[in-house]
Amino acid sequence: MYILKTYITTFAVFLVIDLIWLGFIARNLYKKYLGYLMAENVNWVAAIIFYMIFIAGILFFVINPAITKDSFIYAILAGACFGFITYSTYDLTNLATVRDWPLTIVFIDITWGTFLAASTSSISFLIIKKFFL
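Residues numbered from 1 in each chain as written. Predicted model: local features only at pLDDT ≥ 70, side-chain atom pairs only at ≥ 80, totals over all residues. Heavy atoms only, no water.

Under the annotation held in an unreviewed UniProt entry, the protein carries the name Membrane protein and is attributed to Acetoanaerobium pronyense.

With that settled, consider unusual backbone geometry. A positive phi angle, close to 50 degrees, is found at D70, a residue other than glycine. Counting through the fold element by element, D70 comes out in the loop between α3 (44–69) and α4 (72–97). A positive phi angle, close to 65 degrees, is found at D100, a residue other than glycine. Relative to the helices and strands, D100 is located in the loop between α4 and α5 (103–132). Look at D100 and you get exposed, because its relative accessible area is 59%. (Helix = DSSP H or I, 4+ residues; strand = E, 2+ residues; numbered from the N terminus. Buried < 20%, exposed > 50% of the residue type's maximum accessible area, 1.4 Å probe, protein only.)

Bringing the UniProt feature "transmembrane region" (unreviewed entry) in the protein into the picture now. Per the UniProt annotation, the sites labelled "transmembrane region" (unreviewed entry) are residues 7–30, 42–63, 72–90 and 110–128. Along residues 110–128 the backbone is 100% helical and 0% strand, and the end-to-end C-alpha distance reaches 26 Å. (UniProt positions renumbered as here; feature names shortened; annotations may be inferred.)

Before going further, it helps to examine the pattern of salt bridges. Per the stated rule, a full pass over the model turns up one salt bridge. For K129, the salt bridge goes to D70, with nearest N and O atoms at 2.2 Å. Taken together, the residues span a long stretch of sequence, with K129 in helix α5 and D70 in the loop between α3 and α4 at a distance of 59 residues. Judged by relative accessible area, K129 falls into the partly exposed class, the value being 32%. (Salt bridge = Lys/Arg side-chain N within 4 Å of Asp/Glu carboxyl O.)

A general feature of soluble globular proteins is that nonpolar side chains tend to end up buried together. Of all hydrophobic cores here, the largest spans 30 residues; its most connected members are F14, F54 and I58. When residues of this core are traced back to their parent elements, those giving at least two are α1 (2–25), α2 (27–34), α3, α4 and α5. Top contributing element to this core by residue count: α3, with nine residues. (Core = buried A, V, L, I, M, F, W, Y, C linked by side-chain atoms within 4.5 Å.)

A few words now on a nonpolar patch on the surface. Taken together, the side chains of L19, V42, W44, I48 and M52 make up a nonpolar region of the molecular surface, amounting to roughly 460 Å² of accessible area. The dominant element in the nonpolar patch, judged by the number of residues it contributes, is α3, at three residues. One can find V42 in the loop between α2 and α3. (Patch = residues over 30% accessible without salt bridge, like charges linked within 9 Å, V, L, I, M, F, W, Y side chains within 5 Å. Areas by Shrake-Rupley, 256 points an atom, 1.4 Å probe, with all protein chains shown as cover.)

Within the secondary structure layout, S119 lies in helix α5. Assessed through its relative accessible area of 10%, S119 is described here as buried. Within the structure, S119 has its side chain in polar contact with the backbone oxygen of L116 (distance 3.2 Å). (Polar contact = N/O pair within 3.5 Å; in protein donor to acceptor, adjacent residues only side chain to side chain.)

Here is the structure:
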């Protein structure tokens, strides 16, 4: 039950933060730079599968070790590293393989992924410690 609670908690934190970014803050930014590539409708199945895998990674590589170490700082720093590595993989692969992939998006997205994973990890760490341990 603990695993399910921590997974749902982390998923919810991630989803809220990322949807604020995608739905409000960066919505026009992505249209401006990637409009020529964007689908008219979001493929929610693919998005949810990504979220599920990403959250499993955050829990395995960041939050569980942070809980074991009892370290909020670890949650922030390891979360930032996890986000940096994962979003760099996506954006730099696109830069290498997709024609006209904007360099501006590479920098914005990697910065966003670093912040998103660090904030998700640290907020989830605090919630899990307070309510589930």
